[in-house]
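Notes for the structure review
The residues making up each chain are set out below.
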Amino acid sequence: MSVSHTLPNSIPFLDLVTPHVELEQELTDVFRQALHTAGFIGGPMVEEFEKAFAAFCNTSHSIAVSSGTDALRFAIMACGVEPGDVVITVPHTFIATTEAISQAGALPEFVDVDERTYNMSPEKLQEFLEKNCTRKDGKLISRRSGRKVSAVIPVHLYGQMADMDAILRLAQQYGLIVIEDACQAHGAEYFSKKLNRWMKAGSMGRAAAFSFYPGKNLGACGEAGAVTVNDASLADKIKMLRDHGQARKYYHDVEGYNGRLDAIQAGLLRAKLGHLPRWNTQRRKHAAEYNRLFESTGTAVCQPHEPSWSRAVYHLYVVRAQDREGLMNHLKKAGIGTGIHYPIPLHLQKAYAHLDYKQGDFPVAEKAAAEIVSLPMFPQLTEEQLHRVVEEVAVFTGGTRKHIETEKVAFATADRRA
Ligand SMILES: Cc1ncc(COP(=O)(O)O)c(C=O)c1O
């Protein structure tokens, strides 16, 4: 996963080696324990991790599964989305969000994102519900597909939560299930005006899905995921789905899946979870330093926006540049790794040609996809490395504030609550 470098002072986009070397003793102890007990599937290591992760997310239950994609799929199925239903989500996300919807037998339909946070726009959701849906026999029907709309999946992209109060209010009004895609947002927080307190990612929807893919803020040493819920019977359903539809060995109530988490991965995640708050704090510090330096150097990139109701955990630090390809090439030559998350919005992917969307359907997502670039972001990034990234960005884009100012004016109206 770590980017290979040729230049001596190169800066990887992501360094996965250093944290594992730092924790080598702790992590190898887990492996040794698993070998000595031969407890490879289920058992106390999985249960301990589930308890600890639920406590971290302020939920009553977490159910460990084999990936974030499975977590989403099981959450969708267990929450009562029926085959053929429409599930609303955003086009600016990783394809796993919509894969899980399709694999649960449902149909994804999209609403555009907010231009500053890149998360689901509550205004666009409202517009979709008011204009693109109709009521038939008490059911909400999508005019586009003629199918029943049953759920909405906001994605907490890049480590920042979507505007959940507004989304939950609309969902309640229209009778929709809310499932959070929190795969990039371990530990992110949202200030709910309705509840008058900070809420953790994964604790606000009927269920939420997390990925522990190695590069995530909390990553396994392999594939892993979890569902969080605040409902014991829903937790039981998800446990059955991950384990061939059985609650008791060889008594299968439904057809399920092989979606369990290995005990070794659970043990490794339990050990790493203890370090997550510190790692997230480091990511937030890096983001603040990037912001400060871009501001003070007047570098012509559009920085990430963190509304006052958000405490983001910066899974990714994403800026926008008019000549994105030029900037990436310049940084590559300087030995600095970058990424694009994601270059093609889902409604324009070949895999979704059958959904019949076209260019221009979701202009905010399309514009973002053309301009975004993710800069190096990981807890162990040094101040010196971070400063060099900013310097190289400034060398390429020039120290003019023009683009930033234009963006600020354009975006000023989008921030309703900050
Ligand atoms: C937003 C989002 N949803 C879902 C997933 C799927 O997680 P996994 O790769 O663990 O299946 C990911 C992981 O990359 C993701 O970023």
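Before going into details, it helps to say that this report is about the structure given with it. (Residues numbered from 1 in each chain as written. Predicted model: local features only at pLDDT ≥ 70, side-chain atom pairs only at ≥ 80, totals over all residues. Heavy atoms only, no water.)

Notes on the overall build of the chain
The helix and strand inventory of the chain stands at 14 helices and 16 strands. In terms of overall size, the chain behaves like a compact globule, its C-alpha atoms giving a radius of gyration of 21 Å where 418 residues would be expected to give roughly 22 Å. Its C-alpha atoms give the chain principal-axis dimensions of about 65 × 60 × 45 Å. Burial analysis of the chain (418 residues in total) assigns 58% to the buried set. Summarising the internal contacts of the chain: among those between residues at least 6 apart in sequence, 72% fall at separations of at least 24. Taken as a whole, the chain presents about 18000 Å² of accessible surface, with 52% of it coming from carbon and sulfur. Counting 47 positive and 48 negative side-chain charges, the chain places the centres of these two groups 3 Å from one another. (Helix = DSSP H or I, 4+ residues; strand = E, 2+ residues; numbered from the N terminus. Rg over C-alpha atoms; globule rule 2.2 N^0.38 Å. Buried < 20%, exposed > 50% of the residue type's maximum accessible area, 1.4 Å probe, protein only. Contact = heavy atoms within 4.5 Å. Areas by Shrake-Rupley, 256 points an atom, 1.4 Å probe, with all protein chains shown as cover. Lys, Arg positive; Asp, Glu negative; His and termini not counted. Charge placed at Lys NZ, Arg CZ, Asp CG, Glu CD.)

Observations concerning the sheet that holds strand β2 (residues 86-89)
Hydrogen bonds along the backbone pair up the strands of a sheet, which may run parallel or antiparallel. Reading across from one edge, β1-β11-β10-β7-β6-β2-β3 is the order of the seven strands in this open sheet, with mixed pairing throughout. The open sheet is flanked by β1 (61-65) and β3 (107-110), the only strands paired with a single partner. The average angle at which neighbouring strand axes cross in this sheet is 25°, direction not considered. Of the strand pairs in this sheet, strand β6 (residues 149-152) and strand β7 (residues 177-181) are connected by two bridges, and their pairing is parallel. Counterpart to Val152 in the pairing with β7 is Val178. Lying over the sheet, helix α5 (residues 96-103) contacts β2, β3 and β7, oriented at roughly 140° with respect to β3. (Pairing = 2+ DSSP bridges. Axes fitted to C-alpha atoms, helices over the stretch in contact; angles between N-to-C directions.)

As for helix α3 (residues 44-57)
Here α3 spans 20 Å end to end across 14 residues, near enough to the 20 Å set by a 1.5 Å rise per residue. The first or second residue beyond α3 is Asn58, which carries a positive phi of 60°. (Expected span 1.5 Å × (residues − 1).)

Re the pairing of β2
Burial along β2 is two-sided: the face carrying Val86 and Ile88 and the face carrying Val87 and Thr89 are both buried. Sheet analysis places β2 next to β3, joined by four bridges and oriented parallel. Bridging from a neighbouring strand, Ile88 pairs with Glu109 of β3. Crossover β2 to β3 through α5 is right-handed. Where β2 lies against β6, three bridges are found, and the strand directions are parallel. Of the residues in β6, the one forming a bridge with Val86 is Val149. (Right-handed = clockwise from strand over helix to strand, strands pointing away.)

Re the site of the ligand
Around the ligand, the surrounding shell holds 16 residues, and the nearest of these are Gly68, Thr69, Asp181, Ser211 and Lys216. Note that an oxygen atom of the ligand is positioned 2.8 Å from one of the backbone N or O atoms of Gly68. One of the side-chain nitrogen or oxygen atoms of Thr69 is found 2.5 Å away from an oxygen atom of the ligand. Across the complex, the protein chains shield 93% of the 390 Å² of accessible surface that the ligand would expose by itself. Among the elements of the structure, α4 (68-78) and α5 are those that each provide at least two residues to the shell around the ligand. Looking at the shell around the ligand, the element that brings in the most residues is α4, giving three residues. Along the lines of polarity and charge, the residues of the shell around the ligand split into seven nonpolar, seven polar and two charged. (Near = heavy atom within 4 Å. Polar contact = N/O pair within 3.5 Å; in protein donor to acceptor, adjacent residues only side chain to side chain. Nonpolar A, V, L, I, M, F, W, Y, C, P; charged D, E, K, R; others polar.)

With respect to the packing of aromatic side chains
Applying the stated criterion across every chain yields a total of 17 aromatic pairs. An angle of 55° between the planes, with centres 5.3 Å apart, marks the rings of Phe110 and Tyr357 as tilted. Of this pair, Phe110 sits in strand β3 while Tyr357 is found in the loop between α11 (324-333) and α12 (363-371), placing the two residues 247 residues apart along the sequence. Across this residue pair, the class does not change: Phe110 and Tyr357 are buried. Each member of the aromatic cluster is reached from another via a ring pair, and the members are Phe49, Phe53, Phe56, Phe210 and Phe212. A cation over an aromatic ring shows up here: Arg144 above the ring of Tyr357, its NZ or CZ 3.6 Å from the ring centre. Directly above the aromatic system of Phe56 lies the positively charged group of Lys200, at a separation of 4.1 Å from the ring centroid. (Phe/Tyr/Trp six-rings, centres within 6.5 Å; stacked < 30°, edge-to-face > 60°. Lys NZ or Arg CZ within 6 Å of the ring centre and 35° of its normal.)

Here we look at the pattern of salt bridges
Counted by the stated rule, this structure contains 15 salt bridges. Between Glu50 and Arg242 there is a salt bridge, with its nearest N and O atoms 2.8 Å apart. You can see Glu50 sitting in helix α3 and its partner Arg242 sitting in helix α8 (residues 232-242), a full 192 residues away along the chain. A salt bridge links Glu325 to Arg324, with the nearest nitrogen and oxygen atoms 3.0 Å apart. On the accessibility criterion, Arg324 (6% relative accessible area) is buried. Within the structure, one salt-bridge network assembled from shared partners comprises Glu82, Asp85 and Lys148. (Salt bridge = Lys/Arg side-chain N within 4 Å of Asp/Glu carboxyl O.)

A short note on the side chain of Lys272
Mapped onto the fold, Lys272 is located in helix α9 (residues 263-273). One buried charge, Lys272, has no salt-bridge partner; the nearest side chain with opposite charge is Glu26, at 10 Å. Within the structure, Lys272 has its side chain in polar contact with the side chain of His20 (distance 2.7 Å). Ignoring any residue separated from it by four or fewer positions in sequence, one finds Lys272 in contact with His20, Leu23, Leu27, Leu218, Gly219, Ala220, Cys221 and Trp279.

Some remarks on a nonpolar patch on the surface
A surface patch of nonpolar side chains, amounting to about 390 Å² of accessible area, comprises Phe31, Leu35, Phe40 and Ile41. On the secondary structure map, Leu35 appears in helix α2 (residues 24-37). By relative accessible area, Leu35 is classed as partly exposed at 48%. (Patch = residues over 30% accessible without salt bridge, like charges linked within 9 Å, V, L, I, M, F, W, Y side chains within 5 Å.)

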